[in-house]
Structure formats: C-alpha cells, structure tokens
Amino acid sequence: MSAQSGGSILRQPMSVWATAFAAVVAFMGIGLVDPILPSIAQGLHAGPSQVSLLFTSYFLVTAVAMLITGWVSSRIGGKRTLLLGLALVVVFAALAGTSGSVGELIGFRAGWGLGNALFVATALAVIVGAASGGAESAIILYEAALGLGISMGPLVGAALGDWNWRAPFFGTASLMAVGFVLIATLLRTTPTPAVKTRLGDPLRALAHGGLSTTAFTAFFYNFAFFTILAFTPFILGMSPYGIGAVFFGWGACVALASVFGAPALQRRLGSVKVLHLSLAVLALLQVGIALSGHAGIVVFVILSGIPIGLNNTVFTEAAMEVSDAPRPVASAGYNFVRWMGGALAPYIATKLGEDVAPALPYLLGALCCLAGMAVLYGRRHHMRSLERVDADHAFQDAPVVA
C-alpha cells in the first residue's frame, strides 16, 4: 500500500467513521466476556464448558445468519440492515444482563449473534463502498476497527465486570445504542441493489475453488483462534482485571499486526506465503502455551495476537479478491464457513481442557493450524489469482521514477 493510500485511511467521510465506531463496539462484544467468564460461571453456578456455550451460541447463529445477510441487505438496503443489526444487538445485549440462568444467557447471546451477523457483514460492504482510498484501504480500516474492538473488549469487560458480571452487557447495549444514533443520522440511505441476492448465492459462491480454499483454511484458523480466546481465562487463575490486561495486550498485537504488519508482509512475500507463515507461528505459540507455566502462558497468549492479526487482514482481503463473486456474497459464504470454526472451538476446547488435560486444547489448536496449511498447500493452484492481485498492488505501490 502506497503512502498516498495509507494517508487516505484517515481522510474518510463522517459516515465511514460512524460505521467504524459501531464496528469497534460490535467487535468489543467478542472479547467482552473473556475477563468475566469465571465470574459468570460462579454467579450462575455453571461449569467452564457450560459457560463456553456463550461463544458457541453466538458464533453458530452468526455463521448461519451470514447466509441471509446479503438477501436482507439487497432488499432493504445497507443502512437499514445496519440499523436492524444494531437494534437486535442493543435488545439482546441488554437482555443478557438480566439473565437468571446460564441457559437464558446462552439464548440471549444467540440473538446477539443474529444482530452481529447483520451488522458485521453489511458494515464491511458499506465501508468498502463509502471509504476513500479504494478497497484495500477500506479493508485495513475495517480490520483496525476489529483489532481496536477486540483489544478494548477485555478492558471494558474487566472494568465493568469487576463491579458486577451483568454490567458489561448493559454497557455494550448502551454503546451500541450510540452507534445506532450515529449511523441513523450520519449515514445516507443506501439504495437497494438493482440485482437482488438469492438465499443460495453465498453457498453457490463457495463452488469457486479459491473462495472455498480461503474459507476452509480460515475454518481451521478460527478453531485455533477461539481456542485461545474461550479457554485461556479458565487457566490464568487471575482476577477480571488481570485477564482483561492479558487480553488487552493480545488485542493490541492483533490491531498492530492487522494494520501495519499485514500490508508490509504482503508486499514482500505475497498473501499466500503470509498465511503459511502466520499459521505456522500461531501453531508454535499454541504449543508454547500448552507446555508452559503461568508466566509463559501469559507471554505466548499475548504474542499470539501477532499471527492472528496478520491472518485476519489477509484472509479478509483474500475472500474479497480471490473470486469473481460480488463482495457481499463472497463475504457471506466465507464468513459462514469460518465462523463455524469459531462456534465449534469454545465448547470442544473447554470440554477437553476440563475433562482431559489443560494442555490438550492448545495442541489441538496447533494441529488445526497445520491442517489449514495443508488445505492451503494442497489447493494452491486455486489461489493463483491472488498472486495477480498482489502483483497489481506491488505495481501500484512502486515509486514513480521521473
């Protein structure tokens, strides 16, 4: 990415910043519950694997709902879809704060996941369409919002959760209500597309070899990613503030690697090689977590944010660029597959750690990284179009010689 395009990331219309703010809050919801998982388990008299279903219900509904996001937005428009998603998050996040049992909380998180899917899938398309500097700058801005939200979520969850485990849910509902007002007032009504998206289009898009390769590699990556996010709070043995601090450091690494590391490495190595590198590093760090004492776990968890940040940006760009499907359709199909990894990992990892051995979830996460690399290598011929995209970016970024 050139300096010019890099500078344009900060020169955006107010509607883009409003959408980005709401995206930050949406992504805060992912890491928000991390510091308070032990507190929720204690407050609702539940075991770790039961509490892990907060992630599973959220991401399972998010994954399935991704298949309808394009169908909805192509009929009511991007702005109305964003507002619908935000409204659902506000309602279900507030209801989550009133839960009297872990079952109720799991159900409300599922409703939250529906709103999150409608918002997140549409937010990327809106930012790409409205941002200055082209799709690459817009995706980096979107990933910056993701990284900032993921890093701030644990801090907000710790600060509010130290007072009461219900407070972070009410806090998220309040912030999302602010996002709703900002988008309602600052984002112009987007016209409905001339061509309506059919319900089956995201699944049809996965017939493309490059998109399916990207999606299934990301499935294994997300399993490893959410193993760290969902199970680690139970083995840290720290207060909400301590867990929040660890995951703030992790999230800061995610954000910095997403915005600064990924573009630089893509220019030097190309997208596919960056994915291989970051998956290999994540596998090593997972083994490090599995074999370490408390101090080592903290260090390796924080460092794991670096390959996760690299993967987030490169996978998103690959999904947008590798096929000829419309971006919202490609994004929906890709996210359906990859969020399934996020849905399965929390319960499976926590159950293994709870019933067998605390190291086992991380060793399984490392194997998933290797499985993702195997898919990427075995189907490398489907990813050749990305090499052309990388070459085009390198050409555009090359200095002009007078």
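Note: the structure precedes this text.
An account of the accompanying structure is given in this report. All of these numbers come straight from a predicted model, not from anything done at the bench.

### As for the overall build of the chain
Consideration 1: Scanning the chain from N- to C-terminus turns up 17 helices and 0 strands.
Consideration 2: Taking 2.2 N^0.38 as the reference for a compact globule, 402 residues should give roughly 21 Å; the C-alpha atoms of the chain span a radius of gyration of 20 Å, in line with that estimate.
Consideration 3: Considering only C-alpha atoms, the chain reaches an extent of 65 × 45 × 40 Å along its principal axes.
Consideration 4: The buried share of the chain, taken over its 402 residues, is 58%.
Consideration 5: Once local pairs closer than 6 in sequence are excluded, the contacts in the chain between residues at least 24 apart make up 86%.
Consideration 6: About 15100 Å² of surface is accessible on the chain, with carbon and sulfur atoms providing 69% of the total.

### Describing the packing of helix α13 (residues 294–303) against helix α14 (residues 305–321)
Consideration 1: Axis separation between α13 and α14 bottoms out at 4 Å; the angle between their running directions is 20 degrees. If you check the angle between α13 and α14, you find them roughly parallel. Taking contact as the criterion, the partners of V301, I302 and L303 in α13 are, on α14, G305, I306 and P307.
Consideration 2: Split by residue class, the contact of α13 with α14 holds 5 nonpolar, 1 polar and no charged.

### Notes on the pattern of salt bridges
Any two side chains of opposite charge can pair if their charged atoms end up close together.
Consideration 1: All chains considered together, the criterion is met by 3 salt bridges.
Consideration 2: Among the salt bridges present, the one from D201 reaches R198, with a minimum N-O distance of 3.1 Å.
Consideration 3: Among the residues examined, D201 registers a relative accessible area of 15% and is labelled buried.
Consideration 4: In this structure, D201 and R204 form a salt bridge, with 3.0 Å as the shortest nitrogen-oxygen distance. In this pair, D201 and R204 both sit in helix α9 (residues 201–205), 3 residues apart, roughly one turn of the helix.

### A few points about the nonpolar core
Consideration 1: Among the nonpolar cores identified, the biggest contains 118 residues, and I40, F119, F169, I183, F247 and W250 are the most heavily contacted of them.
Consideration 2: The contacts of W250, once residues within four sequence positions are left out, are I150, F225, L229, V301, I302, S304, G305 and I308.

### Examining a nonpolar patch on the surface
Consideration 1: There is a patch of nonpolar side chains on the surface, built from L148, M152, L155 and F248 and spanning about 300 Å² of accessible area.
Consideration 2: The biggest single contributor to the nonpolar patch is helix α7 (residues 134–161), with 3 residues.
Consideration 3: Tracing the sequence through the fold places M152 in helix α7.
Consideration 4: Overall, the relative accessible area of 31% leaves M152 in the partly exposed class.

### Observations concerning the state of the cysteines
Consideration 1: Under the defined criterion, the tally for this structure stands at 0 disulfides.
Consideration 2: The structure places no disulfide on C369, whose sulfur is separated from the nearest cysteine sulfur, that of C368, by 7.2 Å.

### Here we look at helix α2 (residues 14–31)
Consideration 1: With 18 residues, α2 extends 26 Å from end C-alpha to end C-alpha; this agrees with the ideal 26 Å at 1.5 Å per step.
Consideration 2: With respect to burial, α2 is a largely interior element, 15 of its 18 residues being buried.

### Regarding the packing of aromatic side chains
Consideration 1: Applying the stated rule across the entire model yields 15 aromatic pairs.
Consideration 2: Ring centres 4.5 Å apart and planes at 50 degrees place the aromatic pair F59 and F226 in the tilted group. With F59 in helix α4 (residues 48–76) and F226 in helix α10 (residues 209–236), this pair connects stretches of sequence that are 167 residues apart.
Consideration 3: By relative accessible area, F226 is classed as buried at 1%.
Consideration 4: Here the aromatic rings of F231 and Y362 are separated by 5.9 Å at their centres, their planes lie at 50 degrees, and the arrangement is tilted.

### Observations regarding the environment of G179
Consideration 1: Position of G179 among the secondary structure elements: in helix α8 (residues 167–186).
Consideration 2: For the pair G179 and L284, spaced 105 residues apart in sequence, the C-alpha separation works out to 38 Å.
Consideration 3: In this structure, G179 is in contact with F21, A22 and L86, ignoring residues within four places of it in sequence.

### Topic: the environment of L275
Consideration 1: As for its placement among the helices and strands, L275 is situated in helix α12 (residues 271–291).
Consideration 2: The exposure class of L275 is buried, given its relative accessible area of 1%.
Consideration 3: Between the C-alpha atom of L275 and that of P346, which follows or precedes it by 71 residues, the distance is 23 Å.
Consideration 4: In contact with L275, other than residues within four places in its own chain, are N311, V314, F315 and L376.

### Comments concerning helix α11 (residues 240–269)
Consideration 1: In the structure, α11 departs most strongly from a straight axis at A257, where the bend amounts to approximately 45 degrees.
Consideration 2: Backbone geometry just after α11 places G270 at a positive phi near 95 degrees.

### Looking at the side chain of S385
Consideration 1: For S385, the position within the fold is in helix α17 (residues 384–397).
Consideration 2: For S385, the side chain forms a polar contact with the main-chain oxygen of V322, separated by 3.1 Å.

Thresholds applied
- Residues numbered from 1 in each chain as written.
- Predicted model: local features only at pLDDT ≥ 70, side-chain atom pairs only at ≥ 80, totals over all residues.
- Heavy atoms only, no water.
- Helix = DSSP H or I, 4+ residues; strand = E, 2+ residues; numbered from the N terminus.
- Rg over C-alpha atoms; globule rule 2.2 N^0.38 Å.
- Buried < 20%, exposed > 50% of the residue type's maximum accessible area, 1.4 Å probe, protein only.
- Contact = heavy atoms within 4.5 Å.
- Areas by Shrake-Rupley, 256 points an atom, 1.4 Å probe, with all protein chains shown as cover.
- Axes fitted to C-alpha atoms, helices over the stretch in contact; angles between N-to-C directions.
- Parallel < 35°, antiparallel > 145°, perpendicular 65-115°, else oblique.
- Nonpolar A, V, L, I, M, F, W, Y, C, P; charged D, E, K, R; others polar.
- Salt bridge = Lys/Arg side-chain N within 4 Å of Asp/Glu carboxyl O.
- Core = buried A, V, L, I, M, F, W, Y, C linked by side-chain atoms within 4.5 Å.
- Patch = residues over 30% accessible without salt bridge, like charges linked within 9 Å, V, L, I, M, F, W, Y side chains within 5 Å.
- Disulfide = S-S within 2.5 Å.
- Expected span 1.5 Å × (residues − 1).
- Phe/Tyr/Trp six-rings, centres within 6.5 Å; stacked < 30°, edge-to-face > 60°.
- Bend = angle between axes of the 7 residues up to and from the residue.
- Polar contact = N/O pair within 3.5 Å; in protein donor to acceptor, adjacent residues only side chain to side chain.

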